[in-house]
Amino acid sequence: MDISRVNTLSYEDFVNNLGNVVEKCPIITAAVWSRRPFESLAALEAAINDFIDALPESGKEGILRCHPDLAGRDLQSGTLTRESREEQARVGLDTLTSVEVSRMARLNEEYKKRFGFPFVICARMNDKETILRQLSERLGNGLEVERARGVEEVKKICRLRLQGLVRNDANNKL
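- Naming follows an unreviewed UniProt entry, where the protein appears as 2-oxo-4-hydroxy-4-carboxy-5-ureidoimidazoline decarboxylase of Myripristis murdjan.
- In UniProt, the protein has this text filed under Sequence similarities (unreviewed entry): "Belongs to the OHCU decarboxylase family."

Here it is, written out as C-alpha cells:
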C-alpha cells in the first residue's frame with residue numbers, strides 16, 4: 001500500500017495493518033493515527049519515532065520489554081509474532097547449534113538480570129555472529145546507554161517493518 005492509502009485507513013484498519021511495526025506495541029500506532037495525513041513514509045516513521053522519544057524512560061523500557069529473547073523460548077515454542085519469526089529465521093537464529101542455543105540463553109538471562117529488559121538488536125541488519133558478539137559486548141554498558149541503544153534498535157526494526165508494508169514512492173505526496 002502507498003502512503004495515500006495509509007492516510008485513508010480507518011483507525012481500526014490503521015492499527016490492524018501497522019500495529020506491530022513496534023513489537024507488540026499497537027498503542028504507538030494507535031497514538032500516531034491522529035497525526036494523519038502523512039506526507040510520506042518518512043513522515044510516518046518520524047511520527048512514530050517522535051512518540052517513542054517523548055516517552056518517559058519507564059515507557060521506553062516498557063517497549064523494550066515487549067521484545068522476545070533472540071533465539072529464545074518463544075522461537076522454540078513457535079509463539080513469536082510473524083514479523084519476529086521471519087526476522088530471526090532470516091539470520092539463522094532458528095537453526096542454532098545446541099552450543100549456540102545454550103550460549104544465547106545464558107547471555108539473554110545475564111542481560112535481562114543486568115538491565116531489566118531483553119536484549120534488542122535489529123536482526124535484519126546483522127548476522128548471527130554479530131548478534132552473539134553484540135549481546136556479549138553490550139553487557140558491559142550502563143543502563144542509560146543500553147536503554148538508548150535498545151530504543152535505537154527498535155527504531156531500526158520499525159523502519160524496516162514499515163518499508164515492508166508501505167511503498168516509498170517519492171512521487172506519491174499529498
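## Focus: the overall build of the protein
(1) Moving on: A count of helical and extended segments in the protein gives 10 helices and zero strands.
(2) Moving on: Mapped in sequence order, the helices and strands of the protein form the string α-α-α-α-α-α-α-α-α-α.
(3) Moving on: Taking 2.2 N^0.38 as the reference for a compact globule, 174 residues should give roughly 16 Å; the C-alpha atoms of the protein span a radius of gyration of 17 Å, in line with that estimate.
(4) Moving on: Structurally, the protein occupies a C-alpha span of about 50 × 35 × 25 Å along its principal axes.

## Considerations on the packing of aromatic side chains
Aromatic rings in a pair are described by how distant their centres are and how their planes are angled relative to each other.
(1) Moving on: This model, assessed by the stated rule, comprises six aromatic pairs.
(2) Moving on: An angle of 70 degrees between the planes, with centres 6.1 Å apart, marks the rings of Tyr-111 and Phe-117 as edge-to-face. Each member of the pair, Tyr-111 as well as Phe-117, is classed as buried.
(3) Moving on: Geometrically, the ring pair formed by Tyr-111 and Phe-119 is edge-to-face, given 5.4 Å between the ring centres and 80 degrees between the ring planes. We note that Tyr-111, like Phe-119, is buried.
(4) Moving on: Taken together, the ring pairs in this structure connect Tyr-111, Phe-115, Phe-117 and Phe-119 into an aromatic cluster.

## Let's talk about the side chain of Thr-130
(1) Moving on: Its place among the elements puts Thr-130 in helix α9 (residues 128-138).
(2) Moving on: Thr-130 gets classed as buried once you look at its relative accessible area, which sits at 17%.
(3) Moving on: Here the side chain of Thr-130 touches Asp-127 through a polar contact of 2.7 Å, side chain to side chain.

## What about helix α10 (residues 143-165)?
(1) Moving on: Over its 23 residues, α10 runs 33 Å from end to end, which matches the ideal 33 Å to within 8%, given 1.5 Å per residue.
(2) Moving on: Buried residues of α10: Glu-146, Arg-147, Gly-150, Val-151, Glu-153, Val-154, Lys-155, Ile-157, Cys-158, Leu-160, Arg-161 and Leu-162, and no others.
(3) Moving on: Of the surrounding elements, those touching the buried residues of α10 are α2 (11-18), α4 (41-54), α5 (57-65), α7 (82-90), α8 (98-115) and α9.

## Focus on the UniProt feature "domain: Oxo-4-hydroxy-4-carboxy-5-ureidoimidazoline decarboxylase" (unreviewed entry) in the protein
(1) Moving on: According to UniProt, the positions carrying the feature "domain: Oxo-4-hydroxy-4-carboxy-5-ureidoimidazoline decarboxylase" (unreviewed entry) are residues 7-163.
(2) Moving on: Secondary structure over residues 7-163 splits into 67% helix and 0% strand, and the C-alpha atoms at its two ends are 16 Å apart.

## Brief notes about the pattern of salt bridges
A side chain of one charge can pair with a side chain of the opposite charge when the charged atoms of the two come close.
(1) Moving on: Applying the stated criterion across every chain, the model contains 20 salt bridges.
(2) Moving on: We note a salt bridge from Asp-53 to Lys-155, for which the minimum N-O separation is 2.5 Å. One end of the pair, Asp-53, is in helix α4; the other, Lys-155, is in helix α10, and 102 residues separate them in sequence.
(3) Moving on: Take Asp-53: its relative accessible area is 38%, and that puts it in the partly exposed class.

## Looking at the nonpolar core
(1) Moving on: One finds Val-22, Leu-44, Ile-48, Leu-93, Met-104 and Ile-131 to be the most contacted residues of the largest nonpolar core, which totals 46 residues.
(2) Moving on: Secondary-structure elements contributing two or more residues to this core are α1 (3-8), α2, α3 (26-33), α4, α5, α8, α9 and α10.
(3) Moving on: Ranked by residues supplied to this core, first place goes to α10 with six residues.
(4) Moving on: Residues lining this core come from more than one domain, with at least three contributed by each of domain 1 (3-56 + 162-173) and domain 2 (63-153).
(5) Moving on: Contact partners of Leu-44, with chain neighbours within four places excluded, come to Ile-3, Val-6, Phe-14, Leu-18, Val-32, Phe-38 and Leu-162.

Calculation notes
Sequence positions are assigned chain by chain, starting from 1 and proceeding in written order. Local features in a predicted model are, by the rule used here, given only for residues with pLDDT of at least 70; side-chain atom pairs are given and counted only at 80 or more, and totals for whole chains, interfaces and linings are based on all residues. Only hydrogens and water are removed before side-chain values are computed, so all heavy atoms of the structure are retained for them. UniProt positions are given in the numbering used here, feature names are shortened, and annotations may be inferred rather than shown by experiment. Runs of E in the DSSP output that reach at least two residues are strands. Runs of H or I that reach at least four are helices, and both are numbered from the N terminus. All radius of gyration figures rest on C-alpha atoms, and the globule criterion is 2.2 Å times the number of residues raised to 0.38. Stacked, tilted and edge-to-face pairs are distinguished by plane angle, under 30 degrees for stacked and over 60 for edge-to-face with tilted covering the rest, among Phe, Tyr and Trp rings (Trp via its six-membered ring) whose centres lie within 6.5 Å. Each residue gets one of three labels from its accessible area relative to the maximum for its type: buried under 20%, exposed over 50%, partly exposed in between, using a 1.4 Å probe on protein chains only. Under this definition, polar contacts are N or O atom pairs within 3.5 Å; protein pairs additionally need one hydrogen-donor-capable and one acceptor-capable atom, and for neighbouring residues in sequence, both atoms have to be side-chain atoms. In this analysis, the expected span of each helix is defined as 1.5 Å times one less than the number of residues it contains. Here, two residues are considered to be in contact whenever any of their heavy atoms come within 4.5 Å of each other. Note on definitions: salt bridges are taken to be side-chain nitrogens of Lys or Arg within 4 Å of carboxyl oxygens of Asp or Glu. For this analysis, a nonpolar core means a set of buried residues of the types Ala, Val, Leu, Ile, Met, Phe, Trp, Tyr and Cys, connected via side-chain atoms within 4.5 Å. Either an automatic procedure or a domain database provided the assignment from which the domain bounds are taken.

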